[in-house]
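Below are the chains, spelled out letter by letter.
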Amino acid sequence: MLSDIHFDPFHDPGKFAQLQSAPASQWLAILSAPGTPTADADFAALQKTCKSKGIDTPFALLTSSLQAEHSQQPHPAFVTVSGDLLVHKFDCRFQQLAPKATEADYSAFAAKTVEFVALELHAAFPQSPVYFALGNNDSGCGDYKEDPNSSFLQADAQSFAADVDKPNTRTVLSEFPHEGDYNAVLPAPFHNTRLLVLQDIFESKRFTACSNAKDPRAESEQIAWLRTQLSAARAHHEHVWIMAHIPPGIDAYSTISGNRDVCGGKAPEMFLDSSAFADTITDFPDVIRLVLLGHTHNDEMRIYSSPLGKVPGKLVPSITPVNGNNPAFTVAQVNSATATLADYEVISASNQTGIDTRWSEEYRYSTTYNLPDFSAASAAKLLGNFSADKSGTSNASRAYERFYFVGDPAAGISSNLKAAAMQLIWPAYACSITQVTEADYRRCACSSKPASSSTKP
């Protein structure tokens, strides 16, 4: 399980002209060649001009991560990538290096970058299907922008269809170009299990068409497609995984760091424009076994609940270290008969560059939390205990706080959210991973004050 690769083809700006003129199949040779003489200075200038907040994934880190992934599991049943293949500020970087380029040139280069990442993953796992979702940075016209049936989506359909297994190729080619969505039947040994992939940029409150106009039809069409797929799976007694990029529900980071006085009546920040995606998930707990997500770059969990039942959600940590975290990926074990996530290990990097990098297990879910699986029942129990632990001092809570932000233990939730004390942060954060609506989040976060600092784990 991978997410938020954010590959940067502009890391050596002197190679940009070669990359733009060459097909993606020739990029490996270009990027593997020695760097241009002024690469460091040119990159630093590009970072400054584009006001970049950190360094995304250069070729060295992409290569190192792929080698580590293959070393950990050379023949996985399948590989998932839950969005954001392209570097942050892709549009600014491209415009600085190609000021006279057309919109079509931009879209073509973005699609070619996606194709290169797909080719590299296919080379790392030639016998395994690779299922991609697109994220908010993966666009042919700009961050959080896209048009249904765009040339970018059509090009990506060709790239991704080459990486899925043959029974799903036709489905990707026919479904993906409209809004980046498709359904895939998971390969043997899985039984009656389907993966539904969404490009949920269309659900985001920041989404616009490439013209900057609002397009509410795109969201409604996508949700209608998802409900149709889930209803069909229910009728055929199938298990379903859903993969998208942006998580439905509460954006805890923006809510807490923005000092949103939720208990005083202010609304928490939400990731998406409406509750339609979350409502759809919670309407099908008998069908959905897992929701795979990304976007935050952190290693997180969610539970989506309604009177009908519960659905577990897993946010996969990022390859990019742009937020200061170390790169990481996840190796999972799945019960093929029930499609339940049985266990997983997070594998993290020793540094953020991909140069002389060692990759090792950061933690294993089962031994860290003493649970048999990441089923709805187990996730609800664990996350419910987090919400009940108002001081965040239980062993399980402290483990989650430690591993949430991959890398330096001192750079975990407390510093990342820049709050005054963990006792103030933890209840609000824990409620965000168990509650999906504004009303339920307020009820949870404001129900009681944190325990005193003398509380024992």
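Residues numbered from 1 in each chain as written. Predicted model: local features only at pLDDT ≥ 70, side-chain atom pairs only at ≥ 80, totals over all residues. Heavy atoms only, no water.

Q: Sorry, what's going on with the state of the cysteines here?
A: Note on terminology: a disulfide is the covalent bond linking the sulfur atoms of two cysteines. Per the counting criterion, the structure on display carries four disulfides. Paired by a disulfide, Cys-141 and Cys-210 hold their sulfur atoms 2.0 Å apart. Taking the sign of the S-S torsion, about -75 degrees here, the bridge from Cys-141 to Cys-210 comes out left-handed. Of the two residues, Cys-141 is situated in the loop between strand E2 (130-133) and helix H7 (151-161) and Cys-210 in the loop between strand E4 (193-197) and helix H9 (216-235); the sequence distance between them amounts to 69 residues. Two residues, Cys-431 and Cys-444, share a disulfide whose sulfurs are 2.0 Å apart. Across the S-S bond linking Cys-431 and Cys-444, the dihedral sits near -75 degrees, which makes this disulfide left-handed. Separated by 13 residues along the polypeptide, Cys-431 in helix H16 (residues 422-432) and Cys-444 in helix H17 (residues 438-445) bring together distant segments of the chain. A residue is classified by how much of its surface remains accessible, and Cys-431, at 0% relative accessible area, is buried. Looking at Cys-444, the relative accessible area reads 12%, which means it is buried. (Disulfide = S-S within 2.5 Å. Helix = DSSP H or I, 4+ residues; strand = E, 2+ residues; numbered from the N terminus. Buried < 20%, exposed > 50% of the residue type's maximum accessible area, 1.4 Å probe, protein only.)

Q: Please clarify how the confidence of the model for the protein should be interpreted in this entry.
A: Detailed reading of the predicted model is not advised wherever pLDDT is low. On average, residues of the protein carry a pLDDT of 93, and 94% of them reach 70 or more. Segment residues 412-421: pLDDT under 50, and 23 contacts once partners within four positions in sequence are set aside and those in other chains are kept. (pLDDT = per-residue confidence, 0-100. Contact = heavy atoms within 4.5 Å.)

Q: Before we go on, may I ask you to explain the sheet that holds strand E11 (residues 359-364) in this structure?
A: Whether parallel or antiparallel, the strands of a sheet pair through hydrogen bonds between backbone atoms. Taken in spatial order, the three strands of this open sheet run E9-E10-E11, and their pairing is antiparallel. Each of the sheet's edge strands pairs with one partner strand only, and the pair in question is strand E9 (328-335) and E11. If you compare each strand with its neighbour and ignore which way they point, the axes differ by 30 degrees on average. This element, helix H4 (residues 59-72), spans E9, strand E10 (340-349) and E11 of the sheet and lies at about 25 degrees to E9. (Pairing = 2+ DSSP bridges. Axes fitted to C-alpha atoms, helices over the stretch in contact; angles between N-to-C directions.)

Q: What exactly am I supposed to notice about the side chain of Thr-255 here?
A: Examined against the element boundaries, Thr-255 turns out to sit in helix H10 (residues 252-257). Setting aside residues no more than four positions away along its own chain, Thr-255 makes contact with Ile-250, Arg-260, Val-262, Pro-268, Glu-269 and Tyr-441.

Q: Is there a simple way to think about the packing of H4 against helix H6 (residues 103-124) in this case?
A: Each packed pair of helices is defined by two parameters, the angle between the axes and the distance between the axes. In the contact formed by H4 and H6, the axes pass within 10 Å of each other and the chain directions differ by 30 degrees. The angle between H4 and H6 falls in the class roughly parallel. Handedness of the H4/H6 crossing: right-handed. Along its contact with H4, which presents Phe-59, Leu-62, Leu-66, Glu-69 and His-70, the element H6 presents Phe-116, Glu-120, Leu-121 and Ala-124. Class assignment of the residues belonging to the contact of H4 with H6 gives a composition of six nonpolar, one polar and two charged. (Parallel < 35°, antiparallel > 145°, perpendicular 65-115°, else oblique. Left-handed = near helix turned anticlockwise from the far one by under 90°. Nonpolar A, V, L, I, M, F, W, Y, C, P; charged D, E, K, R; others polar.)

Q: Can you walk me through the packing of aromatic side chains in this structure?
A: Aromatic ring pairs: the centre-centre distance and the angle between the two ring planes describe each pair. All told, the structure shown has 35 aromatic pairs when counted by the stated rule. Measuring from ring centre to ring centre gives 5.0 Å for Phe-202 and Phe-207, while their planes differ by 70 degrees; the resulting arrangement is edge-to-face. Ring geometry for Tyr-363 against Phe-403: centres 4.4 Å apart, planes inclined by 15 degrees, an arrangement best described as stacked. Linking Tyr-363 in strand E11 with Phe-403 in helix H14 (residues 395-404), this pair joins segments that are 40 residues apart in sequence. Here the two residues Tyr-363 and Phe-403 agree in accessibility, since each one is buried. Of the aromatic side chains, those joined through ring pairs into one cluster are Tyr-344, Tyr-363, Tyr-365, Tyr-369, Phe-374, Phe-386, Tyr-400, Phe-403, Tyr-404, Trp-426 and Tyr-429. (Phe/Tyr/Trp six-rings, centres within 6.5 Å; stacked < 30°, edge-to-face > 60°.)

Q: Can you walk me through H4 in this structure?
A: For an α-helix, 3.6 residues make a turn, and residues three or four places apart therefore share a direction. Spanning 14 residues, H4 covers 20 Å between terminal C-alpha atoms, matching the ideal 20 Å at 1.5 Å per step. Where H4 is concerned, the buried positions are Phe-59, Leu-61, Leu-62, Ser-64, Ser-65, Leu-66, Ala-68 and Glu-69. Considering only its buried residues, H4 is in contact with helix H2 (27-32), H6, E9 and E11. (Expected span 1.5 Å × (residues − 1).)

Q: I would appreciate a short explanation of the pattern of salt bridges in the present structure.
A: Where charged atoms from two side chains of opposite charge approach closely, those side chains can pair. Scanning the entire structure with this criterion turns up 13 salt bridges. Two residues, Arg-364 and Glu-345, come together in a salt bridge whose shortest N-O distance is 2.9 Å. Linking Arg-364 in strand E11 with Glu-345 in strand E10, this pair joins segments that are 19 residues apart in sequence. The exposure class of Arg-364 is partly exposed, given its relative accessible area of 27%. On the basis of relative accessible area, Glu-345 is assigned to the buried category, the value being 6%. Residues Arg-443 and Asp-440 are paired through a salt bridge, measuring 2.5 Å at the closest nitrogen-oxygen approach. Here the residue Arg-443 and the residue Asp-440 both occupy positions in helix H17, the gap between them amounting to three residues, near one helical turn. Given the relative accessible area of 29%, Asp-440 is considered partly exposed. Through salt bridges that share partners, Asp-343, Glu-345, Glu-361 and Arg-364 make up one connected network. (Salt bridge = Lys/Arg side-chain N within 4 Å of Asp/Glu carboxyl O.)

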